[in-house]
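Coordinates in review
What follows is the residue order along each chain.
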Amino acid sequence: MALRSTPESAFAAVPDYDYEPRAVTVDAPGDPEMAYVDTAPDGDAAETFLCLHGEPTWGFLYRKMIPTLAERGRVVVPDFLGFGRSDKYTTREEYDYRLHYDALVDFVETLDLTDVTLIGQDWGGILGLPVAVNHPERFARLVPMNTDCPTGEAEMAEEWYEFRDFVERVDELPIAMLIDNATATELSDEVLGAYEAPFPEEELKAGAREWPDMVPRADGGDGAEITSAAREKLGEWDKPAFVLFGDADPITRGARDPLRELIPTASEQPDVWIEGAMHFLQEDAGAEIAREIVAFVDRT
């Protein structure tokens, strides 16, 4: 097992994310550190927003949302192991669903997060929703965005297989290109460079290479025993939930209505699509989404 950290110098040119980086050691092989930002580290805010990123991004993805959310409460934005400023295993075999799940549980418990509004996109939902329903005493609300809590029995969209196959075959994983292709917004070179920043060497991308094929599905993946059980619990969730998807994401948009119908309280909230937003809706409409979430918290 090899565990490495991206040098802090790699993040020197990252724009609009001037938050003090923090880290906690989580219970995983090698005692890795999960990095995060926290707008109220003393924990005295009435509300807590936990913002979870997906493939192949990091907390930087939430920079357009943090200011608005921070006016309403504490905002905590971790980087999953293998991403952002968090420690990274250098072989794909070190990563599995249980590693990420347990690390997230340990992170939430170490920071003693309570009254949490979970905001999870992509893998942030695939991991965050099971953690929330299995630890409901810590979570007050759910905001799934362009994500799902899969049973492990469904087929994926054709566009997803094209993405997974591309990741599997390329010698060098083009992080910036993947993000640029999944946003409607024209991203600057500085922003694209910020998404590349955590990965100055190819071996640091092992986690980003492994996540696509890890998605629980009919023909593969990992963690279905956890996500399928969590999906059943989502069907009994009695706290507020606001399902918020971009209408231009071909990979996840098909999961939106079934997820909204599954969670009993989701239909109590406005039936909202984020118009023109693709997979990384935080880039395409971050400020709008943050306002929608604050309004959701105020309603509930």
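Residues numbered from 1 in each chain as written. Predicted model: local features only at pLDDT ≥ 70, side-chain atom pairs only at ≥ 80, totals over all residues. Heavy atoms only, no water.

Each helix and strand counted, the protein chain has 10 helices and 10 strands in total. Taking 300 residues into account, the globule formula puts the C-alpha radius of gyration at 19 Å, and the protein chain, at 17 Å, falls close to it. For the protein chain, the proportion of its 300 residues judged to be buried stands at 58%. For the protein chain, contacts bridging at least 24 residues in sequence account for 79% of all contacts bridging at least 6. Accessible surface, the protein chain as shown: approximately 11,600 Å² in total, 44% of it carbon and sulfur. The protein chain carries 25 positive and 63 negative side-chain charges, and their two centres are separated by 3 Å. (Helix = DSSP H or I, 4+ residues; strand = E, 2+ residues; numbered from the N terminus. Rg over C-alpha atoms; globule rule 2.2 N^0.38 Å. Buried < 20%, exposed > 50% of the residue type's maximum accessible area, 1.4 Å probe, protein only. Contact = heavy atoms within 4.5 Å. Areas by Shrake-Rupley, 256 points an atom, 1.4 Å probe, with all protein chains shown as cover. Lys, Arg positive; Asp, Glu negative; His and termini not counted. Charge placed at Lys NZ, Arg CZ, Asp CG, Glu CD.)

Once that is clear, we can look at a negative patch on the surface. Taken together, the side chains of Asp16, Asp18, Asp189 and Glu190 define an acidic patch exposed on the protein surface. Structurally, Asp18 is set in the loop between β1 (3-4) and β2 (22-25). (Patch = residues over 30% accessible without salt bridge, like charges linked within 9 Å, V, L, I, M, F, W, Y side chains within 5 Å. Salt bridge = Lys/Arg side-chain N within 4 Å of Asp/Glu carboxyl O.)

Moving on: the state of the cysteines. Overall, the coordinates contain zero disulfides when judged by the stated rule. The thiol of Cys51 is not disulfide-bonded; the next cysteine sulfur, from Cys149, is found 19 Å away. The class for Cys51 is buried, based on a relative accessible area of 0%. (Disulfide = S-S within 2.5 Å.)

The next subject is the packing of aromatic side chains. What the rule picks out here adds up to 16 aromatic pairs. A ring pair is formed by Phe60 and Tyr195, whose centres lie 5.1 Å apart and whose planes are at 75 degrees; its orientation type is edge-to-face. Taken as a pair, Phe60 in the loop between β4 (48-52) and α1 (66-70) and Tyr195 in helix α6 (residues 189-196) lie far apart in primary sequence, 135 residues in all. Among the aromatic residues, those joined into a ring-pair cluster are Phe80, Phe83, Tyr97, Tyr101, Trp123, Phe199 and Trp211. Stacked on the ring of Phe11, the Lys or Arg Arg85 has its end atom at 4.5 Å from the ring centre. (Phe/Tyr/Trp six-rings, centres within 6.5 Å; stacked < 30°, edge-to-face > 60°. Lys NZ or Arg CZ within 6 Å of the ring centre and 35° of its normal.)

So, on to the layout of surface pockets. Any space left empty among the atoms is revealed by the rolling of a water-sized probe across them. There is about 870 Å³ of room inside the largest pocket. As for the largest pocket, its lining consists of 42 residues, of which Met156, Trp160, Ile251, Thr252 and His279 are closest to the centre. At the level of elements, α3 (123-134), α4 (158-169), α5 (175-181), α7 (206-214) and α9 (253-262) are the ones that each hand at least two residues to the lining of the largest pocket. (1 Å grid on protein atoms, 1.4 Å probe; cavity = no way out; pocket = protein on both sides within 12 Å on 5 of 7 lines; lining within 4 Å. Points joined across faces, edges and corners; volume = space filled by probe spheres on them.)

What follows concerns the sheet that holds strand β3 (residues 33-38). The strand order across the open sheet built from six strands is β2-β3-β5-β4-β7-β8, with neighbouring strands paired in mixed fashion. A strand with exactly one partner marks an edge of an open sheet, and here the two such strands are β2 and β8 (139-145). This sheet shows a mean twist of 25 degrees between the axes of neighbouring strands, independent of strand direction. Bridge analysis of β2 against β3 gives four bridges, and the strand direction is antiparallel. Following the sheet pairing, Thr25 is matched in β3 by Glu33. (Pairing = 2+ DSSP bridges. Axes fitted to C-alpha atoms, helices over the stretch in contact; angles between N-to-C directions.)

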